[in-house]
Amino acid sequence: MNPASVFKKIKGESTVAGDIGRLFFGVAVLVAALLMTGGYSGAAQNRPCQVDKWPYENSDLAPDPTLYRDVLDNGFRVILKHNEEPRERVALFLHIRAGSLNETENQQGVAHFLEHLVFNGSTNFPPGSLVNHFQSLGMNFGSDTNAFTSFDQTVFYLVLPSGSKKNLEEGLRILGDYAYGALLLDSEIDKERGVVLAEKSERNSADYKAYVAEIGQIYRGTRYPDRMVIGKREVLEKITAKEIKKFYHGWYRPENMTLVGVGDFETELAGQLVRTAFGDFKGYDSPPACPDFGDLAENRQDYFYYHDPALGATTVSLKSLWDTSFKQDRVALERQELNEYLGQQIVGYRLKRLSEERVQPYVSVDYGSGKIFDEIGYGGFTARTDKRNWQKTLNSLVTQLRRIEVYGFLEKEVDRAKRELIAELDRRVQTEKSTDSRFLARTIVNHVSDKKVYMSPGQERKLYGSLMSQITADEVTAAFLEVWNHDKRIISIKGDVVLGDDARQEIEAVYLKALGGELESEQVAGEKKYPYLQPAENLPGTVEKNYYQDIDVTSFTFPGGLVVNFKKTDFEKNTVRMVINYGYGELAANQPGLSLLTKAVVNGSGSGALTASDLQAIVGDTSVRYGFDISPTSFAWQGTSLSSDFENLVQLLHTLVYDPGCREVPYRDAKKNFSLMYKKLGYEIEGAVSLYVDKFLSGDNPLFGLPPWSAVQKIGFGEVRDWVKDVVALNYSGQVEAMEISVVGDIDKDVVGKITRKYFGGVTVADSRQPEPVEPVFPAGKTFTRTVATGEDKALVLVAWPTARQPWSVERSRRLTLLAQVFEEKLREVVREELGASYSPRALSYSRKLFPGYGYILARIVTERDKVEKVRKVVLELAENLVENTITDEEVGLVKKPFLTAAQEYQQKNDYWLDRVLAKSSRDREQLRWPPGMVDDLKSVTAGELTELAGASFLKGQAAVAVILPGEEDDVEQQ
């Protein structure tokens, strides 16, 4: 695993596409943000695209010794790894080294279309049967089984309920059908064509269109701009089975595939089963030649301008691009990438510190570098700003680059980046055994795609630790400068700013002027005093302990009434999670928008004595991570760390609870950021849900949806500061309303009791009652319509039915969720499969104990404008059918079995115990009875219960309908 992937984990990002369903767009938008990539329809090169050796065979790097590897006689590759998190489950991924870059001119969109079609009929599964088969196995279509296509790969995955021989055989039978058993029937191609076109329409956002326009210019000369994964509408509308089969037989070949399996299974047994399932698989004819990627055109400075008010902001970027080629993964390459990573981190430190010292012209800024398809190297700054400040933003980016070019990086900066990376590597070593199998499988697939050597966390720690002991600031600086030592430099301005016909000349003038500005050398601040708050000493009184045997939870009650809930788990080895809840959150806010703004300001302000950068520098070489949240009923400081860092975590949260930061610069940044966010939401049909529909469905309740921008805009810094001082921050000498601490993890309970009492044993919890919220009012029988200036032929239909006609209970809430799943299956079968009117129709149930008299089941469908009325009628008819016709045992079984699988896995997660069970349980001990009976309760749900519930929920004339239509630009409130 390379440093860049570790970097993404530090930031909480996935290293691969993740659960993006059958789409490329999640990848494409991310790729755009990170400057990913190019396209060219040139002549084919006379070379194979397949890989004939494992990466480690051409490397001085050793692979993870726990991996089981095999290469079948037909060239099919296998990587297996035993892992027991989550228990019993197994993730199987089939990687095909082919995506849209492998398409010919008249195949554009075929790779993605084909990925859809393998689900629509195969040797062992007739058309329309596969989704129900997944459900019968206890797998949910979407989260447990799906696929995605990108530019250079197609990946199918299954997450099996268990690693039994029977389940493994069934999973491999399904993947085998994907690989070589797809029927590709004309009838299914015509049927799925509408779904693919609906997906193209649904994902054709302003961001995506800007991305396509930008890469079309800056990556011209390469294959990338001409091979968008979704393809061309004119090709998709006419593509035939002949062309699809040509791609399928050409690229879905055993020597072009790797099966990755990670989970709770016997690798030797699984390896034998893979040989049985794929050993006789043979490719058709000879493999196609690998298409030529091309080279970047015009290696010189260039300028790009793109205008679209629907983007809601202006993005300014400064990029360096160059042609490159594949390099074997060796220690030397790892060192190069490590140097680039350390430089990226240091740039991040500098940008963060600058934003804290004074208000910047931008609201966000990032820097990144790397390789694209091993064909293009890139490095770039990207900033988001309002249209009035694009010149200042460009000047700032150029100045930051020039400062590094002139003065380089400092040893203190490099030392900090090293310490933080070592801390993350140490954390990964200690938590290796609790890494989720799905994440591991995706990471291995990512390495397969990138032709990288997959190493264990221990190997990474040893390699990078050794390299970092040798690396100096000069070497990191040289690696950064090498990224920018190329002729092709792109200055890009895209968004809502209007520049006119001479845009390129205007951009060039600003850029050239910035090159001549004055520079100051970088200064690193001295060390800050921490900790600076001391806990109380010699605390009087005794601690009361209560043990809840059926859920293995202990609660400590300190003399002042503070309750600490604790559950010991081994779900995440050597890891602990913690949350401090207190006060009444949004219910305590005296004006709309105050909690939204305050949360952003506090998270950006560090503590009262230390900026966010100061705090990060202090805890950066530990495993401590933290954040602040405001829910409708509480304020919450939450964090996680290695068990060995637990006191560091408690000490930090103690500091933040009593001395939270509230600074004016983060306040101004937050106001600018929210201004741009509201503006962008005003151009999106999905944004209309947060801005308008949530309010409509709740009777304009202040706890639902976003507050009006006008309310947020008028809140001054003094109001935020006063609320933080008087309500959010705790006072040592005062009482605290509804305070409670919950801890879950792999740590001894006596350690938890001792450390939490050391820092919070002096807290006195006030005898108070939660304010009564305003009860939402469901708009039964009403219709809401809104036009939004999307610039796209895309509409949104939402239909909701009230469900709160009985007292709230967790058992009833579970049944409403299952009923919504039954309804979603109906939507999928009719709206998607039969009508082809939407790519991903959804249904959900909203039911919360906070609002016992309010709840609903909601259907949500994105469709084209001319299909809105048809979709609305179909949704209402499907609801009526659920009332008029009995729900069958088979229908309930198909949604209940995956739900049970997920519920049983969920109970093995620290997040479940912390967020759903322990947190705020001192306010309502009823929560503690939920876990023991959950699985048995779900098993007991009958078709009769859901039929009765449907009759009480989907009442004719009670539905509330919201329709969001594409409209004119003057519908958008200008910020």
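It should be emphasised that the depicted structure is a prediction, and the values quoted were computed from it without experimental measurement.

Re the overall build of the protein chain
So, step 1. Helix and strand content of the protein chain: 31 helices and 25 strands.
So, step 2. Over its C-alpha atoms the protein chain spans a radius of gyration of 28 Å, differing by no more than 12% from the 30 Å that the globule rule assigns to 975 residues.
So, step 3. Along the longest, intermediate and shortest principal axes, the C-alpha atoms of the protein chain span 80 × 75 × 60 Å.
So, step 4. Looking at the 975 residues of the protein chain, the share that counts as buried comes to 60%.
So, step 5. Taking as baseline every contact in the protein chain between residues at least 6 positions apart, the subset at least 24 positions apart corresponds to 85%.
So, step 6. For the protein chain, the accessible area works out to roughly 38,100 Å², and carbon and sulfur atoms hold 48% of it.

Quick word on unusual backbone geometry
So, step 1. A cis amide bond links E85 to the next residue, P86, at an omega of -5 degrees.
So, step 2. Within the secondary structure, P86 sits in the loop between β2 (77–82) and β3 (90–96).
So, step 3. Y530 connects to P531 through a cis peptide bond whose omega is 0 degrees.
So, step 4. Assignment of secondary structure puts P531 in the loop between α17 (503–515) and β12 (544–548).
So, step 5. The backbone of D374 shows a phi angle near 55 degrees, a positive value even though the residue is not glycine.
So, step 6. On the secondary structure map, D374 appears in the loop between β9 (362–372) and β10 (376–385).
So, step 7. In the Ramachandran plot, A738 falls in the positive-phi region, its phi being about 55 degrees despite a non-glycine side chain.
So, step 8. By the secondary structure assignment, A738 is in the loop between β18 (736–737) and β19 (740–745).

Quick notes on the sheet that holds β2
So, step 1. One open sheet accounts for six strands, arranged β1-β2-β6-β3-β5-β4; its pairing is mixed. One side of each edge strand has no neighbouring strand; the edge strands of this open sheet are β1 (68–71) and β4 (145–149). Across this sheet, the average inter-strand angle for adjacent strands is 15 degrees, counted without regard to direction.
So, step 2. Direction of pairing for β2 relative to strand β6 (residues 257–263): parallel, over a ladder of six bridges. Considered in β6, the bridge of L80 is made with G261.
So, step 3. Across the sheet, helix α3 (residues 110–117) lies against β4 and β5 (154–160), angled at about 170 degrees from β4, the strand it touches most.

Considerations on the sheet that holds strand β13 (residues 553–557)
So, step 1. Pairing is mixed in the open sheet, where seven strands are placed in the order β12-β13-β14-β19-β15-β17-β16. With one partner strand each, in any of the chains shown, β12 and β16 (625–630) form the two edges of the open sheet. Neighbour-to-neighbour, the strand axes of the sheet open up by a mean angle of 15 degrees, direction not taken into account.
So, step 2. Together, β15 (575–582), β16, β17 (635–642) and β19 form the strand contacts of helix α20 (residues 646–658), whose direction differs from that of β17 by roughly 160 degrees.
So, step 3. Here helix α24 (residues 717–728) sits on the sheet in contact with β15, β16 and β17, set at roughly 75 degrees to β17.

Focus on helix α16 (residues 473–483)
So, step 1. Buried within α16 we find A473, V476, T477, A479, F480 and V483. Taken down its axis, α16 places every buried residue within 160 degrees of arc, on the same side.
So, step 2. Looking at the buried side of α16, the elements it contacts are β8 (314–323), α11 (331–357), β9, β10, α12 (390–407) and α13 (411–430).

Structural notes on the nonpolar core
So, step 1. One finds F76, F156, Y178 and F278 to be the most contacted residues of the largest nonpolar core, which totals 85 residues.
So, step 2. Lining this core are residues from two domains, each supplying at least three of them: domain 1 (63–279) and domain 2 (302–433 + 447–516).
So, step 3. When near neighbours in sequence (up to four residues on either side) are disregarded, Y178 contacts L94, V118, F119, L130, F134, T145, F156, L158, Y248 and Y252.

Overview of the UniProt feature "domain: Peptidase M16 C-terminal" (unreviewed entry) in the protein chain
So, step 1. Per the UniProt entry, the sites bearing "domain: Peptidase M16 C-terminal" (unreviewed entry) are residues 238–421 and 738–896 in this numbering.
So, step 2. Helix makes up 43% of residues 238–421 and strand makes up 24%, while its end C-alpha atoms are separated by 51 Å.
So, step 3. Counted over residues 738–896, helix gives 39% and strand 23%. Its end C-alpha atoms are 37 Å apart.

Comments concerning the pairing of strand β14 (residues 563–568)
So, step 1. The buried fraction of β14 amounts to five of the six residues, a majority that puts the element mostly inside the structure.
So, step 2. Hairpin connection of β13 to β14: five residues between the antiparallel strands, including G561 at a positive phi of 95 degrees.
So, step 3. As paired strands, β14 and β19 are joined by six bridges and run parallel to one another. Bridge pairing in β19 places N565 opposite S742.

Let's talk about the pattern of salt bridges
Close approach of charged atoms allows side chains of opposite charge to pair.
So, step 1. Enumeration according to the criterion identifies 63 salt bridges in this entry.
So, step 2. A salt bridge links D937 to R815, with the nearest nitrogen and oxygen atoms 2.8 Å apart. Within this pair, whereas D937 is found in helix α30 (residues 930–940), its partner R815 is found in helix α26 (residues 810–834), the two being separated by 122 residues in sequence.
So, step 3. Owing to a relative accessible area of 12%, D937 belongs among the buried residues under this scheme.

Cut-offs and rules
- Residues numbered from 1 in each chain as written.
- Predicted model: local features only at pLDDT ≥ 70, side-chain atom pairs only at ≥ 80, totals over all residues.
- Heavy atoms only, no water.
- Helix = DSSP H or I, 4+ residues; strand = E, 2+ residues; numbered from the N terminus.
- Rg over C-alpha atoms; globule rule 2.2 N^0.38 Å.
- Buried < 20%, exposed > 50% of the residue type's maximum accessible area, 1.4 Å probe, protein only.
- Contact = heavy atoms within 4.5 Å.
- Areas by Shrake-Rupley, 256 points an atom, 1.4 Å probe, with all protein chains shown as cover.
- Pairing = 2+ DSSP bridges.
- Axes fitted to C-alpha atoms, helices over the stretch in contact; angles between N-to-C directions.
- Arc of directions from axis to C-beta.
- Core = buried A, V, L, I, M, F, W, Y, C linked by side-chain atoms within 4.5 Å.
- Domains from an automatic or database assignment.
- UniProt positions renumbered as here; feature names shortened; annotations may be inferred.
- Salt bridge = Lys/Arg side-chain N within 4 Å of Asp/Glu carboxyl O.

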